[in-house]
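These are the residues of each chain, in order.
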Amino acid sequence: MAKRIFSQPGDHIETTAPVTVSRYRGFTRANHWVTAGSLIVLLLSGMALFHPALYFLTGLFGGGQVTRWLHPFVGVLLFFSFFILFLQLWRLNLPRAEDVTWVENIGDVLKGDEEKLPELGKYNAGQKFIFWAMSALIVVLIVSGVMVWEQYFPHLVSIPARRWAMLVHSLAAVAIILTFILHVYAAFWTRGTLRAMTRGTVTGGWAWKHHRKWLRELAGRERRGPAE
């Protein structure tokens with residue numbers, strides 16, 4: 001079998017009339033939604049604990065005590081869920097030369113004039129930015145979160161260090177919320193993207209327009225010419 005450069009195991013052309021391309025396996029999709037669900041729970045529970053004015057959000061989880069217990073454990077779930085996702089996706093999210101050109105022509109991306117852009121693999125520079133930003137921020141959150149988790153690690157760090165860790169944790173939380181919002185917005189803005197994480201497939205036209213190198217590799221491996 002030819003070496004995969006732009007695709008993952010499980011990526012393949014499912015049908016040719018019309019062209020349908022398998023983009024994400026069921027395991028990857030489930031892994032993604034566990035990660036997304038964990039982020040949403042952490043967002044709401046974190047906001048509830050952040051300021052008294054938002055304490056009413058603890059009602060979503062059964063009260064303040066449950067929320068204080070739930071938040072760190074869901075944080076651990078997020079870390080391990082994203083780590084599994086990271087192992088599956090990191091290679092295809094490494095920067096490539098065409099990513100620089102894509103960023104330089106971001107205006108054409110926003111106008112939807114992608115014919116002027118270079119052919120891309122499975123992910124564009126924007127998607128890669130989201131991936132690596134999430135990776136870094138989740139590491140910061142888990143490390144700082146453990147430092148302030150007094151129930152299980154009361155003597156791990158000094159009180160001044162715990163205060164700094166709480167500040168870092170809060171800033172990282174704001175950053176990951178903004179990154180998550182950007183990710184969700186991009187998924188809706190680029191029509192057809194959400195289908196990849198719900199049904200696991202995209203149309204041939206979508207793949208040809210947005211990720212042509214990826215489609216070419218799949219078509220070449222199956223000895224079919226890429227079709228729109």
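Along each chain, residue indices are assigned from 1 in the same order as the chain's sequence is written. Local features in a predicted model are, by the rule used here, given only for residues with pLDDT of at least 70; side-chain atom pairs are given and counted only at 80 or more, and totals for whole chains, interfaces and linings are based on all residues. Calculated side-chain values reflect all of the structure's heavy atoms, with hydrogen atoms and water omitted.

1. Quick notes on the sheet that holds strand S3 (residues 201–203)
Turning to step 1, where the next piece is worked out: Two strands make a pair as long as DSSP finds a minimum of two bridges between them. A run of H or I in DSSP counts as a helix once it spans at least four residues, and a run of E counts as a strand once it spans at least two, with each numbered from the N terminus. Strand order across the open sheet formed by three strands is S1-S2-S3, with antiparallel pairing between neighbours. Since the sheet does not close on itself, it has two edges, and those belong to strand S1 (12–16) and S3, each with one partner. Along the sheet, successive strands turn relative to each other by an average axial angle of 25°, direction set aside.
Turning to step 2, where the next piece is worked out: Alignment of S1 against strand S2 (residues 19–22), held across four bridges, turns out to be antiparallel. Its bridge partner being in S2, Ile-13 is matched across the sheet by Val-21. The convention used is that axes are lines fitted to C-alpha atoms, helices contributing only their stretch in contact, and that angles between N-to-C directions extend from 0 to 180 degrees.

2. Let's talk about a nonpolar patch on the surface
Turning to step 1, where the next piece is worked out: On the surface, Val-66, Trp-69, Phe-73, Tyr-152, Phe-153 and Leu-156 cluster together into a nonpolar patch covering about 550 Å² of accessible area.
Turning to step 2, where the next piece is worked out: Within the secondary structure, Tyr-152 sits in the loop between helix H5 (125–147) and helix H6 (159–189).
Turning to step 3, where the next piece is worked out: Classification of Tyr-152 as partly exposed rests on a relative accessible area of 44%. Patches in this entry comprise residues that are over 30% relatively accessible and not in a salt bridge; like charges within 9 Å are linked, as are nonpolar side chains (Val, Leu, Ile, Met, Phe, Trp, Tyr) within 5 Å. Areas reported as accessible are Shrake-Rupley estimates using a 1.4 Å probe. Residue values count occlusion only from the protein chains shown. One speaks of a salt bridge when a side-chain nitrogen belonging to Lys or Arg is within 4 Å of a carboxyl oxygen belonging to Asp or Glu. Any residue under 20% of the maximum accessible area for its type is buried, any over 50% is exposed, and the rest in between are partly exposed; the area is computed with a 1.4 Å probe on protein chains only.

3. Things to note about the layout of surface pockets
Turning to step 1, where the next piece is worked out: Volume-wise, the largest pocket comes out at about 1200 Å³.
Turning to step 2, where the next piece is worked out: With a 1 Å grid spanning the protein atoms alone, the term cavity applies to any set of points in which a 1.4 Å probe fits but cannot get out, the term pocket to an open set with protein on both sides within 12 Å along at least five of seven lines, and the term lining residue to any residue with an atom within 4 Å of a point. As for the largest pocket, its lining consists of 46 residues, and the residues nearest its centre are Gln-127, His-183, Ala-186, Ala-187 and Thr-193.
Turning to step 3, where the next piece is worked out: Listed by contribution, the elements that provide at least two residues to the lining of the largest pocket are helix H1 (26–50), helix H2 (64–89), helix H4 (106–111), H5, H6, helix H7 (193–198) and helix H8 (204–210).
Turning to step 4, where the next piece is worked out: Broken down by element, the residue count for the lining of the largest pocket peaks at nine residues, all from H6.
Turning to step 5, where the next piece is worked out: Partitioning the lining of the largest pocket into residue classes produces 30 nonpolar, twelve polar and four charged.
Turning to step 6, where the next piece is worked out: Grid points are joined across faces, edges and corners, and a volume is the space filled by probe spheres set on the points. Roughly 980 Å³ of volume is contained in the second largest pocket.
Turning to step 7, where the next piece is worked out: Considering the residues around the second largest pocket, the lining is formed by 33 residues, among which Leu-42, Gly-46, His-71, His-169 and Ala-173 are closest to the centre.
Turning to step 8, where the next piece is worked out: Only H1, H2, H5 and H6 provide two or more residues apiece to the lining of the second largest pocket.
Turning to step 9, where the next piece is worked out: A total of nine residues in the lining of the second largest pocket trace back to one element, the largest contributor, which is H6.
Turning to step 10, where the next piece is worked out: Classes in brief: Ala, Val, Leu, Ile, Met, Phe, Trp, Tyr, Cys and Pro nonpolar; Asp, Glu, Lys and Arg charged; the others, Gly included, polar. A class-by-class count of the residues in the lining of the second largest pocket yields 23 nonpolar, seven polar and three charged.

4. Here's the deal with the confidence of the model for the chain
In low-pLDDT segments, the atomic positions of the prediction should not be examined closely.
Turning to step 1, where the next piece is worked out: Every residue is assigned a pLDDT by the predictor, reflecting its confidence on a scale from 0 to 100. Of all residues in the chain, 96% attain a pLDDT of 70 or more, and the chain-wide mean is 92.
Turning to step 2, where the next piece is worked out: Note on contacts: a residue pair is in contact if any heavy atoms of the two residues lie within 4.5 Å. Contacts for the low-pLDDT stretch residues 224–228, under 50 throughout, to residues beyond four places or in other chains number 14 contacts.

5. A short note on empty space enclosed by the protein
Turning to step 1, where the next piece is worked out: Counted according to the given criterion, the structure contains two cavities of 30 Å³ or more.
Turning to step 2, where the next piece is worked out: In this structure, the largest cavity spans a volume of roughly 60 Å³.
Turning to step 3, where the next piece is worked out: Around the largest cavity, the lining residues are Ile-5, Phe-6, Arg-91, Leu-92, Arg-96, Gly-121, Lys-122, Tyr-123 and Lys-128.
Turning to step 4, where the next piece is worked out: Taken together, the residues of the lining of the largest cavity sort by class into four nonpolar, one polar and four charged.
Turning to step 5, where the next piece is worked out: Looking at the second largest cavity, its volume works out to about 30 Å³.
Turning to step 6, where the next piece is worked out: Taken together, Gln-8, Pro-9, Asp-11, Arg-23, Tyr-24, Arg-25, Thr-28, Gln-88 and Lys-122 make up the lining of the second largest cavity.
Turning to step 7, where the next piece is worked out: Grouping the constituent residues of the lining of the second largest cavity by class yields two nonpolar, three polar and four charged.

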